[in-house]
Amino acid sequence: MHENLVIVESPAKAKTIEKFLGDGFVVTSSMGHIRDLEKKDFGIDLEKNYTPKYIVSPDKKKIVTELKKLAKTAKTVWLASDEDREGEAIAWHLKEVLKLKEENTKRIVFHEITKEAITEAVKNPREIDQNLVDAQQARRVLDRIVGFEVSPVLWKKVKPSLSAGRVQSVTVRLIVEREREIRNFTSVSSFRVNGYFLVSDANGNDTELKAEVSKRFKTRDEANAFLEKCKDAEFTISDIVKKPGKRTPAMPFTTSTLQQEASRKMGFSVSQTMAVAQRLYEAGKITYMRTDSVNLSKLALNTSKQKIEDLHGEKYVKIRKFKTKAKGAQEAHEAIRPTYMENETVDGSPQEQRLYELIWKRTIASQMADAILERTNVTINVSTADQNFQATGEVIVFDGFLKVYIESTDDENGGNGNAQVPGSGQGLIPPLHVNDKLEMTSIISTERFTQRPARFTEASLVKRLEELGIGRPSTYAPTITTVQNRNYVVKEERPGVERKYTVLTLELGEIKEEVKTEITGAEKNKLFPTDIGIVVNDFLVDNFDQIMDYNFTASVEKEFDDIADGNKVWNEMIDKFYQPFHGRVQHALDNAERSNGERILGVDPKSGKQVSAKVGRYGPLAQIGETSTEEGAEKPQFSSLRAGQHIETITLEEALELFRLPREVGEYEDKKVTVAIGRFGPYIRHDNKFVSLGKEDDPYTVSGEKAIELIEAKREKDRLAVIRVFEEDAEVRILNGRWGPYIKHGKANVKIPKTIKVEAKDLSFEDCMKIIKEAPAPKAKRGRKK
């Protein structure tokens, strides 16, 4: 018999909490969500006021049995799952499935795993908040209504094995629409003019002052005409303005801002950030990591102040109390911060140490003084032209919070984001006076181009979802992971393309013109929609405009907030949505046309048949000819699109090029050698055997000599793979595989146990047959659910 049983979600969290409780407590883990909603029960329960029937999954039954035993022998059971809606639902599920009694069950919450927080929570237990449970229940049921009802429509009308989701589909729409903006964008060029002037610095030494013409010239001729005017011009300072400025630190981290900053500064994916933050939280090193709040506790403010004074002095301290601005913030407790502000670093993996340091710096910086700047603007008149030059300088008078931390921004020009450092450009302006005449050393006019909209990074997508009110802190990471796992979106690098630009230079009274080349449009770790993602998005927008509407998705989140506040009944909210929605689903099943994103490209000049691109069973493809159901009709030709080709952008010429395959590249050993592309990529076929082409080998250009080289390399690899063949039975062989030696018996592959101490080459036929006989039966492959 034990006094107290504390149940949390994970073993790591249990281990940390155990350190802070006395001998009268037993801490255990439920290993996460112990119950899940089954599809078959969901369908039944739709007719019963949407009350889901939960079933304990087989892999959790043992855990539940153990928890029941522990609960029976405890005087008090403390449910200590996380403090958000998901955690509240887990506590409720535990109470239900373990059949816990009201009188000896207590709910405790804390936003940090420290002795003080745990002790305070135990002193102030509460009951399970049914409103929070209902809000989570509503989210789960509504998401399953959308998934279970819309996905089968996609299977029938687009392609099998597709899925839809209330938040994931809207997220894909954002990425698809941004991609189309980029594809439809037309860049416009203009000429930027910079002047370089010789001036004296404070010590009397010559230095260069850079200034820019505020006007951009639309054409090369306009820019050249301005440079012509500057040949004989006088350059005079007409105005000098000095203004004080300041920079204020960023607020402490919320879930979304942590995901954004970890992506920009460290290249973490949002799921990686949350996994690392979870480990830091469960180890008691940071506060709860799913939060909308920017508030800091009184204790955090006081310890931050003390740390700043110790490190930098009292003048660097400025205590700030931030207020949460996010609408419907569901976790309005405290921002993400270190549990102990005095710890600048922590033990752990390199990722944990880096993320902790980021959180520590951001928290400390939020309580530090503003950075004081001085900005100087100098206007330089041109005697022969209406335009003037502007020189700007910025210096840091007092660094304040910049001593510790600078927030990064999303780089709109293709990078991952950079910290904008004040004073990092042209700094201190040399001593100048109004009416000073300046000596011009050169004026350079460079052709520049308008920037297309930036593709989303994971960080900028989280930011956009938050701005639109789509999802909540706990949903950003799984949503972005899901759309990539579904192959609706890919995160990848893509090379840029060459672009020529013109540079005009006025120097020593002469204008020189150069045409230079730059690489533009290179992308790193950006999100791109796939062809199937685009086709699914278009089908959903056409047939389910309600769930694809950004405002609807945001308004649903607001309704979940109302349920959590006790202002709305969850199953009434579901009923209001479901009745018209189910009718729309039925209408789509009965009336919507099949969609494969087909795009007509033109006519094949050889056959006169139509050429098109569309999504097929195994992905995007080009097609010559039309599909017909008539008996005896000629079948069309198909060819998969190559990497980097897309249905919306492929040209007729590029599509026809695909049909050069399969192509013969010669003969070897009196047999044809053919190159083609199959379901699993490009390959060489020779003597009815197949050899894969490497990534560096282009199937459209690979030579016969290279093909023979690859055939021989494959033969040599196969020869080396055979360790031993037995005369007693040629079907029994010892082979060398990717994971080491194994026995092949007919079609079966048998692993050689680690208990066998002799080398594989020394195994006898009898040894092999014994291993085959004693090998465990292979696991049955999962069939497709019907």
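Residues numbered from 1 in each chain as written. Predicted model: local features only at pLDDT ≥ 70, side-chain atom pairs only at ≥ 80, totals over all residues. Heavy atoms only, no water.

### A few points about the overall build of the protein chain
Reasoning step 1: The secondary structure content of the protein chain amounts to 20 helices and 30 strands.
Reasoning step 2: Dimensions of the protein chain, computed from the C-alpha atoms along their principal axes, are close to 95 × 85 × 65 Å.
Reasoning step 3: Residue pairs in contact within the protein chain that sit at least 24 positions apart in sequence constitute 70% of those at least 6 positions apart.
Reasoning step 4: Counting only carbon and sulfur atoms, one obtains 48% of the accessible surface of the protein chain, whose full area is about 41,700 Å².
Reasoning step 5: Computed over 126 positive and 123 negative side-chain charges, the separation of the two mean positions in the protein chain equals 4 Å. (Helix = DSSP H or I, 4+ residues; strand = E, 2+ residues; numbered from the N terminus. Contact = heavy atoms within 4.5 Å. Areas by Shrake-Rupley, 256 points an atom, 1.4 Å probe, with all protein chains shown as cover. Lys, Arg positive; Asp, Glu negative; His and termini not counted. Charge placed at Lys NZ, Arg CZ, Asp CG, Glu CD.)

### Re the pattern of salt bridges
Reasoning step 1: All told, the structure shown has 59 salt bridges when counted by the stated rule.
Reasoning step 2: Between Glu 357 and Lys 361 there is a salt bridge, with its nearest N and O atoms 3.2 Å apart. Highlighted residues: Glu 357 and Lys 361, both in helix H12 (residues 350-366), separated by four residues, approximately one helical turn.
Reasoning step 3: When the shortest N-O distance is used, the salt bridge between Glu 467 and Arg 464 registers 3.2 Å. A residue pair is termed a helical-turn pair when its members lie 3 or 4 positions apart in one helix, as Glu 467 and Arg 464 do in helix H13 (residues 458-468) at three residues.
Reasoning step 4: Taken together, the shared-partner salt bridges in this structure form one network comprising Glu 179, Arg 180, Arg 183, Arg 452, Arg 455, Glu 523, Lys 526, Asp 538 and Glu 648. (Salt bridge = Lys/Arg side-chain N within 4 Å of Asp/Glu carboxyl O.)

### What about the sheet that holds strand S25 (residues 681-686)?
Reasoning step 1: Here four strands make up an open sheet; going across it, the order is S23-S24-S25-S26 and the pairing antiparallel. Sheet topology places strand S23 (663-668) and strand S26 (689-692) at the edges, where each strand pairs with a single neighbour. Adjacent strand axes in the sheet meet at a mean angle of 30° when their direction is disregarded.
Reasoning step 2: Lying on the sheet, helix H19 (residues 704-721) is in contact with S23, strand S24 (671-678), S25 and S26; it crosses S23 at an angle near 65°. (Pairing = 2+ DSSP bridges. Axes fitted to C-alpha atoms, helices over the stretch in contact; angles between N-to-C directions.)

### Side note on the pairing of strand S19 (residues 599-603)
Reasoning step 1: Summarising the sheet, S19 and strand S20 (residues 610-616) pair through four bridges and their orientation is antiparallel. Bridging from a neighbouring strand, Ile 600 pairs with Ser 612 of S20.
Reasoning step 2: The hairpin formed by S19 and S20 contains six residues between the paired strands, and Gly 608 there has a positive phi angle of roughly 75°.

### Details of the packing of helix H7 (residues 168-184) against helix H15 (residues 531-543)
In a pair of packed helices, the angle between the axes and the distance between the axes together describe the arrangement.
Reasoning step 1: Put simply, H7 and H15 touch, their axes get as near as 10 Å, and they point 110° apart. Judged by the angle between their axes, H7 and H15 are roughly perpendicular. Contact residues: Ser 169, Val 172, Arg 173, Val 176, Arg 180 and Arg 183 in H7; Gly 533, Ile 534, Asn 537, Asp 538, Leu 540 and Val 541 in H15.
Reasoning step 2: Residues of the contact of H7 with H15, tallied by class, amount to five nonpolar, three polar and four charged. (Parallel < 35°, antiparallel > 145°, perpendicular 65-115°, else oblique. Nonpolar A, V, L, I, M, F, W, Y, C, P; charged D, E, K, R; others polar.)

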